[in-house]
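A closer look at the structure
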Amino acid sequence: MKFESYWLDTAPPFTGAMPHPPEGHYDVAVIGGGLTGLSAARTLARGGARVALLEAGRVIGEASGRNGGQCNTGVAQDYAGMVEQLGRDQAIRHYRNYSEAVTSVEQVIEEEGIDCDYLRRGKLKLAAKPEHYDKLARTCEAIRRDVDPDVVLLSKEEARREVDSPIFHGGLWQKNGGQMHMGRFGTGLAEAAVRHGAHLFEFTPMIGVERDGEHYRLTTPHGEFQATNVLLATGASQVGPLNWFRRRMAPVGSFIVVTEPLSPDQCAQLIPQRRACVTSRIIGHYFRLTPDDRLLFGGRARFAMSGGKSDAKSGEILRRGLSETFPQLGATPLSYCWGGLVDMSRDRLPHAGRHDGMYYVMGFSGHGVQMSVHMGRLLAEMMLGQRKEYPWQGDDWPAIPGHFGKPWFLPLVGGWYRLQDRLH
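The rules we used
Residues numbered from 1 in each chain as written. Predicted model: local features only at pLDDT ≥ 70, side-chain atom pairs only at ≥ 80, totals over all residues. Heavy atoms only, no water. Phe/Tyr/Trp six-rings, centres within 6.5 Å; stacked < 30°, edge-to-face > 60°. Helix = DSSP H or I, 4+ residues; strand = E, 2+ residues; numbered from the N terminus. Buried < 20%, exposed > 50% of the residue type's maximum accessible area, 1.4 Å probe, protein only. Lys, Arg positive; Asp, Glu negative; His and termini not counted. Salt bridge = Lys/Arg side-chain N within 4 Å of Asp/Glu carboxyl O. Polar contact = N/O pair within 3.5 Å; in protein donor to acceptor, adjacent residues only side chain to side chain. Expected span 1.5 Å × (residues − 1). Arc of directions from axis to C-beta. Contact = heavy atoms within 4.5 Å.

1. Some thoughts on the packing of aromatic side chains
One pass over the structure, following the stated rule, counts 13 aromatic pairs. When the centroid spacing of 5.2 Å and the interplanar angle of 65° are considered together, the rings of F245 and Y360 count as edge-to-face. With F245 in helix α8 (residues 243–246) and Y360 in strand β18 (residues 358–362), this pair connects stretches of sequence that are 115 residues apart. Taking the relative accessible area as the measure of exposure, F245 reaches 4% and is therefore buried. Members of the aromatic cluster, connected to one another through ring pairs, are F168, F287, F297 and F326.

Structure representation (structure tokens):
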């Protein structure tokens, strides 16, 4: 079994990185080579800006290449609960933002001809307990009323025909969503940004930034350069002078295992419509079939940082969860196990705005595939003077109390969530 991302291991190589460090002056410096930064760099370059994108490692090497590959509508929270918490108008705006984000991804794929096995089959949210089904029914009613009349509530029997597992009690099918090979999409987006004129620098961390008159002076291990504007698209990165942002997000580990290829008959039995699936527990699972007929199975197996032994321990927890969900797979061997960091904000919503004059967007909280691409484009259009506002815009983003960099509180949060899953 390989302890590395299946998406990154099977992605085509990115060939467009610049062979020398950035120098001189750029219109915009984009910090972060995940989907947010790549989307922004593509849009900025198409708009005529001179763009330098800095990535501390390889392009899409972190969260953008380590997720479940689901590109779905719907907010991270329960929609009906969000209506109660934030009010109907704001809940509707948030839901529609995610629907528009799915469209953004599909538009990029079509415009750039990215071969990433995109499959539009929607998302199934599966009820892990009978009472969860009642909650899904209320959510379905609220969504139909406010934003999406096509959402479908599935009975226990209907859900079993969609997912051949004995443990679910029904489900909610949201049709506006898809799935894709994240490595192919990310590499394709990076190559598109380069085609339009952006300069991408891999293994080039930003280790310093300061205002210098009307410009910013950015420092890398290889030297300095200037930029008129800066866009921070760093997510949960632990590299660089980003402590103001780190205090506002918890870098929560998310972990995934992938099986060896299954037979066509097994795939047709397990998830015949090949939909992207999530479960209703707080510490739940997400799963889907890959383009080459493997079962990808992930979740917050442990509230711990990703890496080394942590990934291996989490893989064993996920193996047990996979066996409980699909006992018919028996001893099917696993071929991949890996983890990544989720930039979890306190309210589980993205945050965007300006800090010290620099633009930023992060805090996607495990729902970033679609929103990162969308927000990268919208912030780039803002910087080009093509729009005056964008979603999640605001200056009020308080720090997490007691959080000063290292997430010491993660085991406590995990324990609380596990208790809530047992009680509810």
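2. Some points on the side chain of R248
For R248, the position within the fold is in the loop between α8 and β12 (249–259). One buried charge, R248, has no salt-bridge partner; the nearest side chain with opposite charge is D396, at 8.1 Å. Reaching out from R248, the side chain makes a polar contact with the backbone oxygen of W244 at a distance of 2.8 Å.

3. Details of helix α10 (residues 309–325)
Taking 1.5 Å of rise per residue, 17 residues should cover 24 Å, and α10 covers 24 Å from first to last C-alpha, within 8% of that figure. Where α10 is concerned, the buried positions are S310, D311, S314, G315, L318, G321, L322 and T325. Seen from one end, α10 has its buried residues packed into an arc of 125°, which puts them on one side. Exposed residues lying more than 90 degrees from the buried face of α10 are K309, K313, R320 and E324.

4. Remarks on helix α7 (residues 182–195)
Given 3.6 residues per helical turn, the α-helix brings residues three or four places apart onto the same face. In this model α7 runs 20 Å from its N-terminal to its C-terminal C-alpha over 14 residues, within 8% of the 20 Å that 1.5 Å per residue would give. Counting buried residues in α7 gives ten out of 14 residues, a clear majority hidden from the surface. Residues M182, G183, F185, G186, T187, G188, L189, A190, A192 and A193 constitute the buried set of α7. Buried-residue contacts for α7 involve α1 (6–9), α2 (35–46), α4 (88–112), β8 (199–201) and α11 (368–383). G197 lies just past α7 and shows a positive phi near 115°.

5. Digging into the pattern of salt bridges
Between side chains of opposite charge, a pair can form when the charged atoms approach closely. In this structure the tally under the stated criterion is 19 salt bridges. Close ionic contact of R120 with E106 constitutes a salt bridge, the shortest N to O distance being 2.4 Å. A residue pair is termed long-range when its members are at least 10 positions apart, and R120 in the loop between α4 and β4 (123–126) and E106 in helix α4 qualify at 14 residues. Given a relative accessible area of 43%, R120 falls into the partly exposed group. By relative accessible area, which is 22% here, E106 ends up partly exposed. Measuring nitrogen to oxygen at the nearest pair gives 2.8 Å for the salt bridge that ties R145 to D146. In this structure D146 comes out as buried when scored by relative accessible area, which is 11%. Connected through shared salt-bridge partners, R42, R46, E111, E112 and R195 make up one network.

6. Some thoughts on the environment of R319
With respect to the helices, strands and loops of the structure, R319 is situated in helix α10. Sequence spacing of R319 and V258 is 61 residues, and the spatial spacing of their C-alpha atoms is 9.6 Å.

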